[in-house]
Amino acid sequence: MSRFASSLAFLVILALFPGPAAAEEGSETSYSHRMEQGRFFMKSGLAVQAVAEFEAAAQTPTGRMDPEVHHLLARAAWQAGRVGRAVEAVRHAWALVKGRGGDDLAELHEFLTKRFGKVLVIGLSIDGARRPEPAAPILDPEMKRAFEAALKALDTQSEDGSTSIWLPVGAYRIGSHLLEVTAGSTARMDLRPSVGEAARGVYGERTGQADGPRTGSAPSVTQHLLVRLGGDGFGQQGSGAGAVQVLAGWEPWLGPVALRLAGGLSAGRAERLLAEESAPIALGPLASLGVGVVGPLPDGGSVGPWLSWQVAWSGVADASLPEGYAGPTSYLVHGPELGLRLAPPVAGPVQPALSLYGLFREYQPLEAVSAIDQKPHFAAGGGAALDLLIGGAP
């Protein structure tokens, strides 16, 4: 009876606890099921659900050593806006293939590990905590999506005041400081409003000044290249006239104050000739010096007034003048422009802006023969210009 009871107990144990082969088969089935579910969710655009399935598959004995599941997990996490998890997964996949993966994995590994950096955020729960802003607009839609996802993650954090996020590599502005985010390292970003009152930041921020003795903080300098295409309309000598101009120049921004130094070409009516047929076009070089105020808008972008002074030489070709014309053919043209520039919240290295302005010009004849031709004439009107601000490096 004792032998029968022992045999029965052994059979019960076998039934309740499957052997290694059965356990392995169950694990393989779970892995395959999770992988299929994850692929289905990815094809359906359900990245969050796909991440959960690939996470579960990666925890199985088969999944721990299979680079495919970690590759898929990285793609799903990137689509779900979880850059940190995507970087971790793609690094695991790359380590499993020992750097000999396919082109898709190599491209994803290069993208995630070279174009993003980890940031330790400090002072998140402090009243008045700032938010980072790109020093130069983010043009790439994927990079912009990743940046916006990082900001959203900050807004949903607990009140412990510190967390970590992943940002596209580049420079970011926190108040008057700049923080450089690089791949392969962890930057520290202090969002407390008190940072900036001292000479320089304490978490890697820089103000754009050279190292040396400091007695106080100074506004950072952001430099832009300017390309402008503008058109003017004005009254001149009792009739309407117009001009177009193309300029290129340099705009350094010192905090909210911006300067402009630009040069280019203008084309329009300059001479005082009045006749039935249209006056010939005068061409010439011009220079513009201006100062403006850059005020941020609530939804991004900027708006502010500008005052500038323009000086140009304008000349008409003799061959284009009517027969018998003996008046001046070249002028010194100068005068102020007062206007408003509006820059919409467009991400990228090239920031477009619209400028509207009023103008006043004095046309001083050069090499005039008669006394009456030596007198200047005036023009007043307005214009509009498309400005392209390129760069923004401190």
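The rules behind the values
- Residues numbered from 1 in each chain as written.
- Predicted model: local features only at pLDDT ≥ 70, side-chain atom pairs only at ≥ 80, totals over all residues.
- Heavy atoms only, no water.
- Helix = DSSP H or I, 4+ residues; strand = E, 2+ residues; numbered from the N terminus.
- Buried < 20%, exposed > 50% of the residue type's maximum accessible area, 1.4 Å probe, protein only.
- Contact = heavy atoms within 4.5 Å.
- Areas by Shrake-Rupley, 256 points an atom, 1.4 Å probe, with all protein chains shown as cover.
- Salt bridge = Lys/Arg side-chain N within 4 Å of Asp/Glu carboxyl O.
- pLDDT = per-residue confidence, 0-100.
- Phe/Tyr/Trp six-rings, centres within 6.5 Å; stacked < 30°, edge-to-face > 60°.
- Pairing = 2+ DSSP bridges.
- Core = buried A, V, L, I, M, F, W, Y, C linked by side-chain atoms within 4.5 Å.
- Axes fitted to C-alpha atoms, helices over the stretch in contact; angles between N-to-C directions.
- Parallel < 35°, antiparallel > 145°, perpendicular 65-115°, else oblique.
- Left-handed = near helix turned anticlockwise from the far one by under 90°.
- Nonpolar A, V, L, I, M, F, W, Y, C, P; charged D, E, K, R; others polar.
- Expected span 1.5 Å × (residues − 1).
- Arc of directions from axis to C-beta.
- Polar contact = N/O pair within 3.5 Å; in protein donor to acceptor, adjacent residues only side chain to side chain.

Enquirer: Describe the overall build of the protein, listing the residues and the values that go with them.
Expert: Counting its secondary structure elements, the protein contains eight helices and 15 strands. Classification of the 394 residues of the protein by burial places 39% in the buried group. Expressed as a percentage of contacts within the protein between residues at least 6 apart in sequence, the contacts between residues at least 24 apart total 62%. Put simply, the protein shows about 20,900 Å² of open surface, and 62% of that area lies on carbon and sulfur atoms.

Enquirer: A description of the pattern of salt bridges should follow, citing residues and the corresponding values.
Expert: Charged atoms that come close allow side chains of opposite charge to pair. All chains considered together, the criterion is met by 11 salt bridges. Across the salt bridge formed by Asp140 and Arg115, the nearest N and O atoms sit 3.7 Å from each other. Taken together, the residues Asp140 in the loop between strand S2 (133-134) and helix H8 (141-155) and Arg115 in the loop between helix H7 (103-114) and strand S1 (116-122) connect sequence positions 25 residues apart. Note that Arg341 is salt-bridged to Glu251, the shortest N-O span being 2.7 Å. Of the two residues, Arg341 sits in strand S13 (residues 330-343) while Glu251 sits in strand S8 (residues 239-254), which places them 90 residues apart along the sequence.

Enquirer: Tell me about the confidence of the model for the protein, residues and numbers included.
Expert: On average, residues of the protein score 79 in pLDDT, and 78% of them reach the 70 mark or higher. The low-confidence segment residues 10-25 (pLDDT under 50) makes zero contacts with residues lying over four places distant or belonging to another chain. Across residues 197-218, confidence stays below pLDDT 50; counting only partners more than four residues off in sequence or on other chains, it has 35 contacts.

Enquirer: Describe the packing of aromatic side chains, with residues and values.
Expert: On inspection of all chains with the given rule, the structure shows seven aromatic pairs. Judged by centre distance (5.7 Å) and plane angle (80°), the rings of Phe111 and Phe116 are edge-to-face. There is no split in this pair, since Phe111 and Phe116 are both buried. Aromatic pair Phe147 and Tyr172: ring centres 5.8 Å apart, planes at 20°, arrangement stacked. Linking Phe147 in helix H8 with Tyr172 in strand S4 (residues 170-174), this pair joins segments that are 25 residues apart in sequence. Under the relative-accessibility criterion, Phe147 is labelled buried at 8%.

Enquirer: Explain the sheet that holds S2 to me, and be specific about the residues and the numbers.
Expert: Spatially, three strands are ordered S2-S4-S5 in an open sheet, and the strand pairing comes out antiparallel. Edge strands, defined here as strands with exactly one partner in the open sheet, are S2 and strand S5 (177-181). Direction of pairing for S2 relative to S4: antiparallel, over a ladder of two bridges. Note on S4: the bridge partner recorded for Glu133 is Arg173.

Enquirer: Could you give an account of the nonpolar core, naming the residues involved and the relevant values?
Expert: For soluble globular proteins, the rule of thumb is that nonpolar side chains tend to be buried together. Judged by nonpolar contacts, the single largest core of 47 residues is most densely connected at Phe54, Trp78, Leu112, Phe116, Val119 and Leu167. The biggest single contributor to this core is helix H5 (residues 67-79), with seven residues. The residues touching Phe116, leaving out its near neighbours within four places in the chain, are Trp78, Val83, Phe111, Met143, Ala146, Trp166, Leu167, Pro168, Val169, Thr182, Ala183 and Gly184. Ala241, Ala312, Leu359 and Ala385 belong to the second-largest nonpolar core, a separate cluster that totals 18 residues.

Enquirer: Kindly report on the environment of His177, identifying the contributing residues and their values.
Expert: Along the chain, His177 falls in strand S5. Considering only alpha carbons, one finds His177 and Pro132, 45 residues apart in sequence, at a separation of 9.9 Å.

Enquirer: A description of the pairing of S8 should follow, citing residues and the corresponding values.
Expert: One face of the sheet, then the other: side chains in a regular strand alternate in exactly this way. Sheet analysis places strand S7 (residues 221-236) next to S8, joined by 16 bridges and oriented antiparallel. When the sheet's bridge partners are listed, Phe234 is paired in S8 with Ala241. Count of turn residues in the S7/S8 antiparallel hairpin: two residues, of which Gln237 carries a positive phi of about 55°. Across 10 bridges, S8 lies against strand S9 (residues 257-268) in antiparallel orientation. Among the inter-strand pairings, Ala243 is bridged to a residue of S9, identified as Gly268. Hairpin connection between S8 and S9: a loop of two residues separates the two successive antiparallel strands, and Gly255 in this loop has a positive phi of roughly 65°.

Enquirer: I'd like to hear about the packing of helix H6 (residues 83-96) against H7, residue by residue, with values.
Expert: Axis separation between H6 and H7 bottoms out at 10 Å; the angle between their running directions is 135°. With respect to H7, the axis of H6 lies oblique. For the pair H6 and H7, the sense of crossing is left-handed. Along its contact with H6, which presents Ala86, Val87, Val90, Arg91, Ala93 and Trp94, the element H7 presents Leu105, Ala106, Leu108, His109, Leu112 and Thr113. Classifying every residue of the contact of H6 with H7 gives nine nonpolar, two polar and one charged.

Enquirer: Mind laying out H8, listing which residues take part and the relevant values?
Expert: With 15 residues, H8 extends 21 Å from end C-alpha to end C-alpha; this agrees with the ideal 21 Å at 1.5 Å per step. For H8, the set of buried residues is Met143, Ala146, Phe147, Ala150 and Leu154. Across the axial projection of H8, the buried residues extend over an arc of 100°, all falling on one side. Facing away from the buried side of H8, by more than 90 degrees, are the exposed residues Pro141, Lys152 and Asp155. Measuring from the side-chain oxygen of the N-cap residue of H8 to the backbone nitrogen of Glu142 gives 2.8 Å; that N-cap residue is Asp140.

Enquirer: Tell me about H5, and please be specific about residues and values.
Expert: Taking 1.5 Å per residue as the helical rise, H5 with its 13 residues ought to reach 18 Å, and the 19 Å between its terminal C-alpha atoms agrees with that figure. Every buried residue belonging to H5 is among Val69, His70, His71, Leu72, Leu73, Ala74, Ala76, Ala77 and Trp78, and all of these are buried. You can read the cap of H5 off the contacts: a side-chain oxygen lies 3.0 Å from the backbone nitrogen of Glu68, and it is on Asp66. Gly81 sits one or two positions beyond H5 and adopts a positive phi of about 85°.

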